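Each chain, written out:
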Amino acid sequence: MSTMDQPDIAKSDAGSPGSGSTVPVMLEMKGITKRFPGVLANSGVDLDVREGEVHTLLGENGAGKSTLMKILFGLYRPDEGEVLYRGEKLVITSPSEAIDAGIGMVHQHFMLVPTLTVAENVALGLKSSRGVLTDLAAVSKRITEISEAHGLHVDPAVEVWRLSVGERQRVEIIKALYRNAKLLVLDEPTAVLTPQEVDDLFVILRRMTAEGRGLIFISHKLHEVMALSDRITVLRNGRVTGQTVPAETSREQLAEMMVGRAVKLTPDRPPVDAGVPRLVIRDLRVSGDRGTGAVEGVDLDVCGGEIVGIAGVSGNGQRELAEAVAGLRPTQAGSHIMLNDTDIARCDTRTRRDLGLGYVSEERMTDGAIAEFSVRENLILVDHGAEKFTKRGLLNFKAIREQSEALVKRFAVKTPSIDTPAASLSGGNIQKVILARELSAEPTVMVVAQPTRGVDIGSAEYIHSQLIAQRGVGTATLLIPEDLDEVIGLSDRIAVMFEGKVVAVIPSEEAERDKIGLLMAGVFDDESDEPAEVVAEP
Amino acid sequence: MRKLLGASIPILAALVAFLFGALMLIALGASPWEGLRALGSGAFGSSDRIVATLIKATPLILVGAGISIAFRTSVVNIGGEGQIVAGALLSTMVALAIPDLPRVLLIPIVLVAGLVGGAIAGAIPGALKAYASVNEILSTIMLNIIILQFMNFLLRGPLIDPLEVEAGTRIPQTERLSDNAALPALPGSRLHLGVAIAILAAVAAWLMLWRTPLGFRLRAVGHSPAAARSAGIKVERHVTYALAISGSLSGLAGAILVFGSESQRMVTDGSTAGFTGSAGFNGIVTALFGGLHPLWTIPSAILFGGLLTGATNLQRVLQVPAALAVALNGIVVVFVVSSNRVRARLDALMESRDEMNSSDRSAEPDKMSEPEPDTFFEEVKPA
């Protein structure tokens with residue numbers, strides 16, 4: 001849930017006049033073409049960034065965004081085209097030259113040494129002003145200056161491991177600013193942040209553009225793109241498929257430019273009669289990773305033919321709730337999880353699965369699939385011991401192949417073959433493999449966490465349609481989705497979680513974004529501190 | 001193409017290692033060509049020598065196959081030495097307890113006793129790792145020492161040959177074990193049943209890993225305990241199984257060492273190596289060189305077995321220390337293990353070409369990705 005309630009950030013002047021702007025252009029990439037054997041990674045891509053603007057580079061995975069950025073940082077040489085910086089031709093052959101030229105990068109995966117302090121991390125790789133001696137005092141002083149000037153609030157003396165994810169990202173920004181970056185590339189900077197942290201980040205970014213810095217913002221979250229960008233360039237298959245400004249476009253249009261066809265961002269949900277309660281959770285209490293209570297007394301019912309979505313800022317117990325239902329996290333005494341009238345609170349995962357539970361975990365690559373295993377092996381990860389897949393104690397490869405081929409076809413998994421390792425599939429296709437595996441077991445109850453996180457729009461649309469189809473055949477689904485739109489679009493009822501409790505259950509037809517957003521933030525409508533129990537039974 | 005690359009690199013590593021061996025020979029003032037010939041003829045020069053090589057290779061095949069299973073489950077088993085001894089001890093005790101059973105019964109029984117002894121020695125560190133997070137590298141090494149002392153105690157005390165006590169020599173050895181337990185050999189040759197059993201066991205290990213649900217689960221646990229757990233696989237149990245199975249194959253090697261030997265008894269010189277010939281450690285090398293693949297372990301073990309038997313001849317012919325073979329052994333390991341890096345580089349190189357096809361790779365650490373079971377060599381990842 002990271003795209004709710006973006007603050008209304010005042011856009012800088014640079015973007016609003018559109019292409020006829022008089023603001024100086026910092027960077028121009030003209031006609032960039034880069035070929036790899038068999039692939040045209042960039043084809044005649046133009047991108048320009050003006051002073052003080054946020055220029056968003058939007059595109060699906062593999063659209064050519066990272067190739068373009070690698071060319072900017074000298075990691076690749078373009079086959080055609082040129083890079084101009086402040087009107088002069090720029091030839092960069094290594095990232096350090098890019099940094100010298102005033103171009104900085106904030107990586108999606110932080111490049112920080114956790115055991116060192118902020119100052120030490122910033123000083124890493126820089127020449128000390130005191131020769132062989134370190135000049136950490138001077139570095140700290142400048143960090144404090146930069147931090148204050150930009151509202152970054154980072155203490156240079158603290159070890160990085162003590163910092164939150166949002167703070168670590170600010171250290172990365174300081175690193176770039178310390179090196180005098182005038183043009184900053186932010187690679188999916190919001191992927192790891194909570195909504196509040198996203199809001200804070202956007203304020204910081206706006207301060208930076210106000211000083212005349214140019215930003216290239218790489219993202220695929222359409223809400224954020226609409227909220228932050230001055231201009232948007234969309235890439236698809238290595239080509240620019242559109243350049244626009246937020247005022248003249250919509251999320252749907254952007255999605256269409258990214259995918260190349262009209263996309264349904266919110267799926268159709270035909271009415272289905274809710275059946276009997278299949279998953280009944282009573283007084284569920286679960287400890288988090290640090291031993292403190294993460295889920296503190298949750299009551300929730302999910303009926304057959306119903307999708308119940310959990311809305312909440314991440315870290316409010318959703319993950320622990322899903323893992324507790326799946327049997328991956330022990331529940332505290334007194335908790336009850338009834339799966340088709342059997343209390344499974346003390347059962348192991350195998351037993352729960354045998355009783356009809358399907359589980360799509362939040363962490364696709366660590367918990368959901370095995371990267372080194374082939375598509376075929378991943379498809380039988382749960383059911384490999386079943387009678388239909390074994391013959392005289394050995395795996396029945398013929399049956400496994402037939403089933404795998406059928407599933408790959410039915411779920412439209414894009415893979416060279418069923419023997420391809422999962423690691424070489426795209427996120428969306430891996431997710432389809434996982435979904436195929438879980439749905440092929442014909443579960444009566446599904447727990448689905450983050451089904452479309454980091455998944456391309458086309459796959460997300462497909463995954464949504466499968467979840468809706470599953471609802472049609474009477475499966476009870478507990479959904480813990482990526483963002484509020486997904487919750488509202490897919491759910492029959494929405495349960496809002498705050499600090500380990502379900503503070504409200506709202507039928508989707510009564511769901512209002514703003515109201516749910518407030519509940520997620522812990523603001524309840526009555527004046528008392530007590531959460532408003534808006535429990536609506538189906 | 002990539003498969004070919006994978007297969008050729010360990011061989012290349014071995015060639016480079018031999019090149020180093022040649023340099024060492026030159027440094028010792030001997031002709032490398034002569035050295036190679038002496039090594040080769042010592043290992044494979046006559047049918048007797050081939051048999052000697054095969055017999056040396058037998059425990060290496062078994063330990064190597066077991067190590068492959070453990071490593072595939074991401075469990076590092078350094079306890080081969082202790083597990084061999086445990087298997088040998090249990091089978092010896094069984095043979096002492098029921099010496100008069102007919103051959104057709106006694107031989108399978110002592111072999112099973114070897115399996116069980118090794119399995120127990122493996123299951124202990126396995127369970128400790130699975131349920132108490134005790135590092136298995138440490139616990140298996142420690143257990144080697146404990147089992148060694150237990151062997152010394154048994155062979156000097158309860159199991160000592162009564163004749164030794166009578167004569168007052170007190171050599172720490174058991175009495176000669178029942179002939180009914182001796183592994184049958186080809187007439188006029190030392191080639192005994194143990195060699196065939198080892199090869200069969202390696203084949204069984206391969207079948208288990210890639211053709212059975214159990215092996216599937218072990219490999220799943222090895223690659224990703226978290227994903228295995230989410231899929232309903234009992235991770236702790238399978239970690240224990242992996243070390244128990246790995247240990248059982250070493251234990252079987254122990255039983256074969258006792259009942260395939262000419263002396264038909266257990267003797268100790270105070271070290272495990274005195275009994276095992278360091279097969280518990282060399283088996284790790286064998287497995288690594290065989291790409292942690294039980295079938296490739298067979299030729300790999302024959303190569304290392306040949307190196308061991310050939311070294312004696314090398315010493316005799318060229319008057320150079322037999323330790324040279326041990327050094328060669330070590331160099332092969334260094335090169336094979338470091339060739340992992342080389343291969344990772346080559347793979348990365350090939351991957352960067354089709355990088356643009358494979359989307360959200362950025363989200364994942366670079367993984368060596370090759371379809372199993374054709375994987376020839378895979379990075380060993382200690383848990």
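Residues numbered from 1 in each chain as written. Chains lettered and ligands numbered in written order. Predicted model: local features only at pLDDT ≥ 70, side-chain atom pairs only at ≥ 80, totals over all residues.

> Mind showing me how you'd approach the overall build of chain A here?
A tally of helices and strands in chain A yields 17 helices and 22 strands. Projected onto its principal axes, the C-alpha coordinates of chain A cover approximately 70 × 60 × 50 Å. When the 538 residues of chain A are sorted by exposure, 48% land in the buried category. Within chain A, counting contacts between residues at least 6 apart in sequence, those at least 24 apart form 69% of the total. (Helix = DSSP H or I, 4+ residues; strand = E, 2+ residues; numbered from the N terminus. Buried ≥ 20, exposed ≤ 12 C-beta atoms within 10 Å, placed from the backbone. Contact = placed C-beta atoms within 7 Å.)

> How should the overall build of chain B be read in this particular structure?
Secondary structure assignment for chain B yields 15 helices and 0 strands. The 383 residues of chain B split such that 53% are buried. In chain B, once contacts between residues fewer than 6 apart in sequence are set aside, the share between residues at least 24 apart is 78%.

> What is the right way to look at helix α4 (residues 80–97) of chain B in this model?
Because the α-helix completes a turn every 3.6 residues, residues three or four places apart line up on one side. With 18 residues, α4(B) should reach 26 Å at 1.5 Å per residue; the first-to-last C-alpha distance of 26 Å fits that figure. Judged by how many residues are buried, α4(B) sits mostly within the fold: 15 of 18 residues are covered. (Expected span 1.5 Å × (residues − 1).)

> Honestly, the confidence of the model for chain B in this entry has me stumped. Any pointers?
When pLDDT is averaged across chain B, the result is 85; 87% of the residues are at 70 or more. In the predicted structure, residues 353–383 of chain B sits below a pLDDT of 50 and forms 69 contacts with residues beyond four places in sequence or in another chain. (pLDDT = per-residue confidence, 0-100.)

> In this structure, what is going on with the nonpolar core? I would like to understand it.
Counting residues in hydrophobic clusters, the biggest one holds 255 residues, and the most contacted among them are A:A422, A:V496, B:I61, B:V110 and B:A202. Considering every element that reaches this core, the biggest residue donor is helix α11 (residues 235–259) of chain B, with 14 residues. The residues contacting A:V496, other than those within four sequence positions of it, are A:A311, A:G312, A:V502, A:V503, A:A504, A:I516, A:L519 and A:M520. (Core = buried A, V, L, I, M, F, W, Y, C linked by C-beta atoms within 7 Å.)

> Sorry, what's going on with the packing of helix α3 (residues 47–72) of chain B against helix α14 (residues 294–318) of chain B here?
Helix-helix packing is characterised by the crossing angle of the two axes and by the distance between the axes. All names here are of chain B. Two numbers describe how α3 lies on α14: the axes approach to 7 Å, and their chain directions differ by 135°. Taken together, the axes of α3 and α14 lie oblique to each other. The element α3 and its partner α14 pack so that their crossing is right-handed. Contacts from R49, A52, T53, L54, K56, A57, L60, I61, G64, A65 and S68 of α3 reach α14 at P294, T297, I298, S300, A301, I302, F304, G305, G306, L308 and T309. (Axes fitted to C-alpha atoms, helices over the stretch in contact; angles between N-to-C directions. Parallel < 35°, antiparallel > 145°, perpendicular 65-115°, else oblique. Left-handed = near helix turned anticlockwise from the far one by under 90°.)

> Which parts of the structure should I look at to understand the sheet that holds strand β20 (residues 476–480) of chain A?
Backbone-to-backbone hydrogen bonds pair the strands of a sheet. The strands run either parallel or antiparallel. Residues and elements named next belong to chain A. If you trace the 6 strands from one edge of the open sheet to the other, you get β16-β19-β20-β13-β21-β22, paired in mixed fashion. Both outer strands of the open sheet, β16 (357–360) and β22 (501–507), are each paired with one neighbouring strand and no more. Looking at each pair of strands side by side, their axes are set apart by 20° on average, direction ignored. By the bridge criterion, 4 bridges tie strand β13 (residues 306–311) to β20 in an arrangement that is parallel. Counted as the bridge partner of G309 is L479 from β20. With respect to the sheet, helix α9 (residues 318–326) is in contact with β13, β16, β19 (445–449), β20 and β21 (493–498), its orientation differing from that of β19 by roughly 145°. (Pairing = 2+ DSSP bridges.)

> Help me understand the environment of B:A255 in this model?
As for its placement among the helices and strands, B:A255 is situated in helix α11. Placed 20 residues apart in sequence, B:A255 and B:V235 show a C-alpha to C-alpha distance of 30 Å.

> Any chance you could explain the pairing of strand β8 (residues 214–219) of chain A here in plain terms?
Where a strand is regular, its side chains alternate between the two sheet faces. Residues and elements named next belong to chain A. Most of β8 sits out of view: 6 of its 6 residues are buried. As paired strands, strand β3 (residues 54–59) and β8 are joined by 5 bridges and run parallel to one another. Looking at β8, one finds that L57 is bridged to I218. For strand β7 (residues 183–187) and β8, the ladder comprises 5 bridges, and the chain directions are parallel. Counterpart to L184 in the pairing with β8 is L215.

> I'm lost on the environment of A:V496 in this one. Help?
Residues and elements named next belong to chain A. The residue V496 is located in strand β21 in this model. Judged by local crowding, V496 falls into the buried class, with 29 C-beta atoms found within 10 Å. Considered as a pair, V496 and E402 are 94 residues apart in the sequence and their alpha carbons are 42 Å apart.

> Just checking my understanding: could you explain the pairing of strand β2 (residues 39–50) of chain A for this structure?
Residues and elements named next belong to chain A. The pairing of strand β1 (residues 25–36) with β2 spans 8 bridges and is classified as antiparallel. Bridging from a neighbouring strand, R35 pairs with L40 of β2. Following β1, the chain reverses through 2 residues before pairing antiparallel with β2; G38 in that reversal takes a positive phi of roughly 85°.

> Can you help me understand helix α6 (residues 136–156) of chain B in this one?
Residues and elements named next belong to chain B. The terminal C-alpha atoms of α6 lie 30 Å apart, and with 21 residues this matches the ideal 30 Å at 1.5 Å per residue to within 8%. Within the span of α6, buried status applies to E136, S139, T140, L143, N144, I147, L148, M151 and L155. Those residues of α6 hidden inside the fold are in contact with α4, α5 (103–132), α11 and α12 (272–276).

> Looking at this structure, I do not really get the packing of α3(B) against helix α13 (residues 279–289) of chain B. What am I missing?
All names here are of chain B. At a minimum axis distance of 7 Å, the contact between α3 and α13 shows a crossing angle of 65°. Between α3 and α13 lies a crossing whose hand is right-handed. For the pair formed by α3 and α13, the contact residues are P59, L60, V63, G64, I67, S68 and F71 on the first element and A279, G280, N282, G283, I284, T286 and A287 on the second. Classifying every residue of the contact of α3 with α13 gives 8 nonpolar, 6 polar and no charged. (Nonpolar A, V, L, I, M, F, W, Y, C, P; charged D, E, K, R; others polar.)

> Got a minute to help me understand the sheet that holds strand β15 (residues 342–343) of chain A in this structure?
All names here are of chain A. Taken in spatial order, the 4 strands line up as β12-β11-β14-β15 in an open sheet, and their pairing is antiparallel. At either margin of the open sheet sits one strand with a lone partner, and together these are β12 (293–303) and β15. In terms of strand pairing, strand β11 (residues 277–287) meets β12 through 8 bridges, oriented antiparallel. If you follow L284 over to β12, its bridge partner there is V298.

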